[in-house]
Amino acid sequence: MNISYNWLKDFLSFDLNANEVSAALTSIGLETGSVEEVQSVKGGLEGLVTGKVLTCVEHPNSDHLHLTTVDVGGDEPLRIVCGAPNVAAGQKVVVATVGTTLYIGDNEIKIKRSKIRGEESCGMICAEDEIGIGTDHSGIIVLPGDTQVGMTAKEYYKIENDFVLEVDITPNRVDATSHYGVARDLAAHIRQTGKQACLRKPCVEAFAPDDADAPFISVEIKNPEACLRYSGVTVKGITVGESPEWLKKRLANVGLRPINNIVDVTNYVMLELGQPLHAFDAAKIKGAKIVVDTVPEGTKFVTLDGVERALTDHDLMICNVDEPMCIGGVFGGLDSGVTANTRDVFLESACFNPAWIRKTARYFGLNTDSSFRFERGLDPNQTVYVLKRAALLIKELAGGVIAGEIQDVYPNKIEPFAVDVSFDKINSLTGKEISVDTIKNILDSLEIEIASETSEGLSLRVPVYRYDVRRDVDVVEDILRIYGYNNIEISDQVRSTLSYQTPTDKSYKLENIISEQLCGAGFSEILNNSLTRLAYYERLTTYHAANCATLMNPLSADLNAMRQTLLFGGLQSIEFNVKHKNKNIRFFEFGNCYRKNPENKNDNILSEYKEDYRLGLWVYGKRVENNWAHQDEDASVFELKSNVENILTRLGLDLDRLVFSKFSNDIFSSGMTIVSESGRTIGSFGIVNDNILKITDIDNEVYFAELSWSVLMKETGRIRTTFREIAKFPEVKRDLALLINKNVTFADVRKTALESERKLLKDIVLFDVYEGRNIQPDKKSYAVSFYLQDKEGTLNDKHIDAVMSKIQKSLEDKLGVQLR
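Below or above, wherever it landed, is the structure these notes cover. This is a predicted model, so every value here is computed, not measured.

Here we look at the sheet that holds strand β40 (residues 779-788)
Right, so step 1: Taken in spatial order, the four strands of this open sheet run β39-β40-β38-β41, and their pairing is antiparallel. Each edge of the open sheet is held by one strand with a lone partner, namely β39 (761-770) and β41 (818-819).
Right, so step 2: Where helix α19 (residues 746-756) meets the sheet, it contacts β38 (732-741), β39 and β40, and its direction lies at approximately 150° from that of β39.
Right, so step 3: Sheet strands in contact with helix α20 (residues 797-815) are β38, β39, β40 and β41, and its direction is about 20° off that of β38.

Quick notes on the pairing of strand β3 (residues 48-58)
Right, so step 1: By the bridge criterion, five bridges tie β3 to strand β6 (residues 92-96) in an arrangement that is antiparallel. Note on β6: the bridge partner recorded for Leu-48 is Ala-96.

Let's talk about the nonpolar core
Right, so step 1: Among the nonpolar cores identified, the biggest contains 80 residues, and Phe-14, Val-21, Leu-25, Leu-186, Ile-262 and Val-269 are the most heavily contacted of them.
Right, so step 2: Sorting elements by how many residues they give to this core places helix α10 (residues 383-398) first, with ten residues.
Right, so step 3: Those residues in contact with Leu-186 that lie beyond four places of it in its chain are Leu-12, Phe-14, Leu-16, Val-21, Ala-24, Leu-25 and Ile-28.
Right, so step 4: If you look at the next biggest cluster of nonpolar residues, it comprises 36 residues, including Val-292, Val-295, Ile-327 and Cys-351.

Regarding α10
For an α-helix, the turn length of 3.6 residues means that residues three or four places apart are oriented alike.
Right, so step 1: Compared with an ideal rise of 1.5 Å per residue, which puts 16 residues at 22 Å, α10 spans 22 Å between its outermost C-alpha atoms and is within 8% of the ideal.
Right, so step 2: A large share of α10 lies buried, amounting to twelve of its 16 residues.
Right, so step 3: Within the span of α10, buried status applies to Thr-383, Val-384, Tyr-385, Val-386, Leu-387, Arg-389, Ala-390, Ala-391, Leu-392, Leu-393, Ile-394 and Ala-398.
Right, so step 4: Looking one or two places after α10, you find Gly-399, whose phi comes out positive at around 75°.

Some details on helix α2 (residues 18-27)
Right, so step 1: Three or more residues of α2 are buried, namely Ala-18, Val-21, Ser-22, Ala-24 and Leu-25. Seen from one end, α2 has its buried residues packed into an arc of 165°, which puts them on one side.
Right, so step 2: Its buried side turned inward, α2 meets α1 (5-8), β2 (32-38), β12 (162-167) and α5 (179-192).
Right, so step 3: Where α2 terminates, the next one or two residues include Gly-29, which has phi positive at roughly 100°.

Concerning the packing of aromatic side chains
Right, so step 1: A full pass over the atoms with the stated rule returns 18 aromatic pairs.
Right, so step 2: Ring centres 5.6 Å apart and planes at 85° place the aromatic pair Trp-246 and Tyr-268 in the edge-to-face group. Of this pair, Trp-246 sits in helix α6 (residues 245-253) while Tyr-268 is found in helix α7 (residues 261-273), placing the two residues 22 residues apart along the sequence.
Right, so step 3: A relative accessible area of 37% means that Trp-246 is categorised as partly exposed.
Right, so step 4: A relative accessible area of 4% means that Tyr-268 is categorised as buried.
Right, so step 5: Between Tyr-363 and Phe-364, the aromatic rings sit 5.0 Å apart at their centres with planes inclined by 80°, giving edge-to-face as the arrangement.
Right, so step 6: Classification of Tyr-363 as exposed rests on a relative accessible area of 53%.

Brief notes about a positive patch on the surface
Right, so step 1: Together, Arg-724, Lys-759, Lys-762 and Lys-791 line one region of the surface with positive charge.
Right, so step 2: With respect to the secondary-structure elements, Lys-759 resides in the loop between α19 and β39.
Right, so step 3: Classification of Lys-759 as exposed rests on a relative accessible area of 56%.

Topic: the environment of Phe-163
Right, so step 1: In this fold, Phe-163 is placed in strand β12.
Right, so step 2: Residue Phe-163 is classed as partly exposed on the basis of its relative accessible area of 27%.
Right, so step 3: Placed 448 residues apart in sequence, Phe-163 and Glu-611 show a C-alpha to C-alpha distance of 49 Å.
Right, so step 4: Not counting chain neighbours up to four residues away, the residues in contact with Phe-163 comprise Ile-3, Ser-4, Tyr-5, Ala-18, Val-35, Glu-36 and Glu-37.

What about the side chain of Lys-779?
Right, so step 1: In this structure, Lys-779 sits in strand β40.
Right, so step 2: No salt bridge forms around the buried Lys-779; measuring N to O, its nearest opposite-charge neighbour Asp-778 is 5.2 Å away.
Right, so step 3: Among the polar contacts made by the side chain of Lys-779, one reaches the side chain of Asn-741 at a distance of 2.6 Å.

What about the pattern of salt bridges?
Right, so step 1: Summed over all chains, the structure comprises 50 salt bridges.
Right, so step 2: For the salt bridge of Asp-478 with Arg-481, the shortest nitrogen-to-oxygen distance reads 2.7 Å. Here the residue Asp-478 and the residue Arg-481 both occupy positions in helix α13 (residues 472-483), the gap between them amounting to three residues, near one helical turn. The pair Asp-478 / Arg-481 is uniform in exposure class, with both members buried.
Right, so step 3: In this structure, the salt-bridge partner of Asp-813 is Lys-809, at a minimum N-O distance of 2.8 Å. Here Asp-813 and its partner Lys-809 are both found in helix α20, four residues apart, which amounts to about one turn of the helix. By the burial criterion, Asp-813 is exposed, and Lys-809 matches it.
Right, so step 4: Overlapping salt bridges, with partners in common, bring together Arg-173, Asp-175, Asp-185, Arg-466, Asp-468, Asp-478 and Arg-481 in one network.

Notes on the sheet that holds strand β11 (residues 124-125)
Right, so step 1: Sheet architecture is open: five strands sit in the order β5-β4-β3-β6-β11, paired in antiparallel fashion. The two strands at the open ends of the sheet, each matched to only one other strand, are β5 (78-82) and β11.

Some remarks on unusual backbone geometry
Working note: non-glycine residues mostly have negative phi, and peptide bonds are mostly trans.
Right, so step 1: Even without being glycine, Lys-581 reaches a positive phi, approximately 70°.
Right, so step 2: Mapped onto the secondary structure, Lys-581 falls in the loop between α15 (567-579) and β30 (585-596).
Right, so step 3: Backbone geometry places Asn-774, a non-glycine residue, at a positive phi of 70°.
Right, so step 4: Inspection of the secondary structure puts Asn-774 in the loop between β39 and β40.
Right, so step 5: Overall, Asn-774 belongs to the exposed group, its relative accessible area being 72%.

Let's talk about the layout of surface pockets
Right, so step 1: Considered as a void within the structure, the second largest pocket measures approximately 730 Å³ in volume.
Right, so step 2: Lining the second largest pocket we find 28 residues, and of these Val-263, Asn-267, His-278, Leu-304 and Phe-331 sit closest to its centre.
Right, so step 3: Looking at the lining of the second largest pocket, the elements that each hand over two or more residues are α7, β15 (277-281), β20 (324-327), β21 (331-332) and α9 (369-374).
Right, so step 4: In terms of residue count, α7 provides more of the lining of the second largest pocket than any other element does, four residues in total.

Things to note about the packing of helix α14 (residues 506-520) against helix α16 (residues 637-650)
Right, so step 1: Relative to each other, α14 and α16 sit at 145°, their axes nearing to 11 Å. In the crossing of α14 with α16, the sense of the turn from one axis to the other is right-handed. Between α14, through Ile-513, Ile-514, Gln-517 and Leu-518, and α16, the contact on the second element is made entirely by Asn-646, Ile-647 and Arg-650.
Right, so step 2: The class makeup of the residues in the contact of α14 with α16 is four nonpolar, two polar and one charged.

Description of the packing of helix α12 (residues 436-445) against α13
Right, so step 1: Remark: α12 packs on α13, axes separated minimally by 10 Å, with the N-to-C direction vectors making an angle of 95°. Viewed along their axes, α12 and α13 adopt a mutual orientation that is roughly perpendicular. Facing Thr-438, Ile-439, Ile-442 and Leu-443 of α12, the residues of α13 in contact are Val-475, Asp-478, Ile-479, Ile-482 and Tyr-483.
Right, so step 2: For the contact of α12 with α13, the residue count by class is seven nonpolar, one polar and one charged.

Cut-offs applied
- Residues numbered from 1 in each chain as written.
- Predicted model: local features only at pLDDT ≥ 70, side-chain atom pairs only at ≥ 80, totals over all residues.
- Heavy atoms only, no water.
- Pairing = 2+ DSSP bridges.
- Helix = DSSP H or I, 4+ residues; strand = E, 2+ residues; numbered from the N terminus.
- Contact = heavy atoms within 4.5 Å.
- Axes fitted to C-alpha atoms, helices over the stretch in contact; angles between N-to-C directions.
- Core = buried A, V, L, I, M, F, W, Y, C linked by side-chain atoms within 4.5 Å.
- Buried < 20%, exposed > 50% of the residue type's maximum accessible area, 1.4 Å probe, protein only.
- Expected span 1.5 Å × (residues − 1).
- Arc of directions from axis to C-beta.
- Phe/Tyr/Trp six-rings, centres within 6.5 Å; stacked < 30°, edge-to-face > 60°.
- Patch = residues over 30% accessible without salt bridge, like charges linked within 9 Å, V, L, I, M, F, W, Y side chains within 5 Å.
- Areas by Shrake-Rupley, 256 points an atom, 1.4 Å probe, with all protein chains shown as cover.
- Salt bridge = Lys/Arg side-chain N within 4 Å of Asp/Glu carboxyl O.
- Lys, Arg positive; Asp, Glu negative; His and termini not counted.
- Charge placed at Lys NZ, Arg CZ, Asp CG, Glu CD.
- Polar contact = N/O pair within 3.5 Å; in protein donor to acceptor, adjacent residues only side chain to side chain.
- 1 Å grid on protein atoms, 1.4 Å probe; cavity = no way out; pocket = protein on both sides within 12 Å on 5 of 7 lines; lining within 4 Å.
- Points joined across faces, edges and corners; volume = space filled by probe spheres on them.
- Left-handed = near helix turned anticlockwise from the far one by under 90°.
- Nonpolar A, V, L, I, M, F, W, Y, C, P; charged D, E, K, R; others polar.
- Parallel < 35°, antiparallel > 145°, perpendicular 65-115°, else oblique.

Rendered as structure tokens:
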């Protein structure tokens, strides 16, 4: 939330600069992210001074320029060449001295000592548009004759720069969603430093109905659960127009766009006191009655943004006797707001149930300044005060009269919360004995009333707007944040129990090992949100949208479901990196995926949900680029496969005992599944389908692998590490050129060969693949090396030939392989 430094001074006198205020607020729990200077005039009129034109003669080398001498309060008058038609001796003017920067539109002009048509010029006599205080360019600014010479233009025009503090408001601190609320905390902090801090609140004593007997708009609350209090008043005879400059600047400085004087007053008071208001065109309130209630499911309603929305029976609506006019606490209606033709307004100041507002705002995806406050819980006891403040401002800025008394419906009055706190509890939790007077001073600063006091503690009445203070520990926390965490001394004694425990979680250790391995292979680890977009799954069959665990009240449509796969988060990361010119990408991520299976539903609410820990890998771009020793090479699915195999090998799995099967679906245009010897699916990898890539605006191929870490941990639990002596006898290699059908894979060749000779055949390596001339169209050629070794003796040619013949015959019989 943006807080204006100058606005705070309306409520509190202090001598802290903006940065000191920022530090003070952060120290008491209102963390301030940034402090930004806001200039009412760009450049702040720095370098501009008032002057008097002493002489003015025509330029000898120009028919429209003048040579002037101007007194700006310096040792000597300035010689300035001026082209304005209205310049004359004796005038008081605004002068930009040498070194000044002027901001004219989007351009910056730095004033330099220069020669114009041969005559020296040491400054510039300015027009309105040249210094940013107006739009007139017909001539220079002529100031009143009694203007002091040498005064800074900033001082003359009373330019006051402001500072905007970006305060991060936590969900429990609705009391700080206004300038007055922040000033209250700042005042408590200042008092704690020993200085005086008198908090000022806008006075509303001048409020009184101008026509007490005028017809009024009545109010009825039909749903007291959702609407805790509703107050309203009518102001008649207003003139809707532009707001005064001070109001527009106040709103603009904190990021709100001025609209008109009526709407701007409601926004101003909301930012001032934290209570959202709404102004209805009174002529559009049919039956002269406000009804607060829900409407039937499916009722159509057009909001201020022109969007037609279907309401639910849990949306609280502000209605007239015939139809809804506004979504209570969230968004106004298109046909009931204030327009240029409005003459009478009905001001609403209400307090709604936070849960109702939060659900409606999330359902429609509407996050407004009003809903931001209402869904955190407001003080129903200040609606009338705020209403009076707004009505008086409207009378001041738009004219009109207050017609009739305030209509106030408060079904069940909410009293301040009673909390008892003992001094021993305060001292125990803070770690320091804080004096009773200090405690009482802090509570008084925070507007927490002391109902009674004993030697042991205090009985307190906590204001309703402090929803975060309900227990004695909450009171202690409030006392401590104002007292100052830094004021709690650190003891010179350390009382602690030190222990050292070696991590024993096998999964954690293996995860670190694989992470280091992947980083060594050029991968970078990413971490994506477990929340994702349900729309990703709506057209998939591999991952059905019906199997997504969805959120009841999502923050947005982009975060409305739990992910079923790591794929889409990685694709979003790739898209982001590609757009930022990082085009060769190797990513990996460990994370949970979630799946809902309604068929498993039983009395246990969690029975239909399943959580699986997974490892994802993404490869995109080139494998080698701009390398003097190697030509450019695109990444391929085989690069991904080698990394997957390295992971499996590092975890101790025997690749020869795993089953790799080809497949394709709506995720992979071409992929392989990996199944363990025990029948568990370890994962899959392959080329991501083009239809998936289009969703994330990626043009080139992406290679993706997803392994179930949970399954891998089960498989590694079955592995027993064994050791064997290094072979004493040499290894023998034999190469064969095999002509095979195109649908036969090397995995088929490897599996068949190993099954035919289990004792002596140690390894098989594919070192060349050929398709083309002299090869039939449905064939391909594999060049394969076979490695043989006998642990008990040296192999001779006769034995080797017999083994190779056996392997060759098995390949011919089972796969139709021919020797080239």
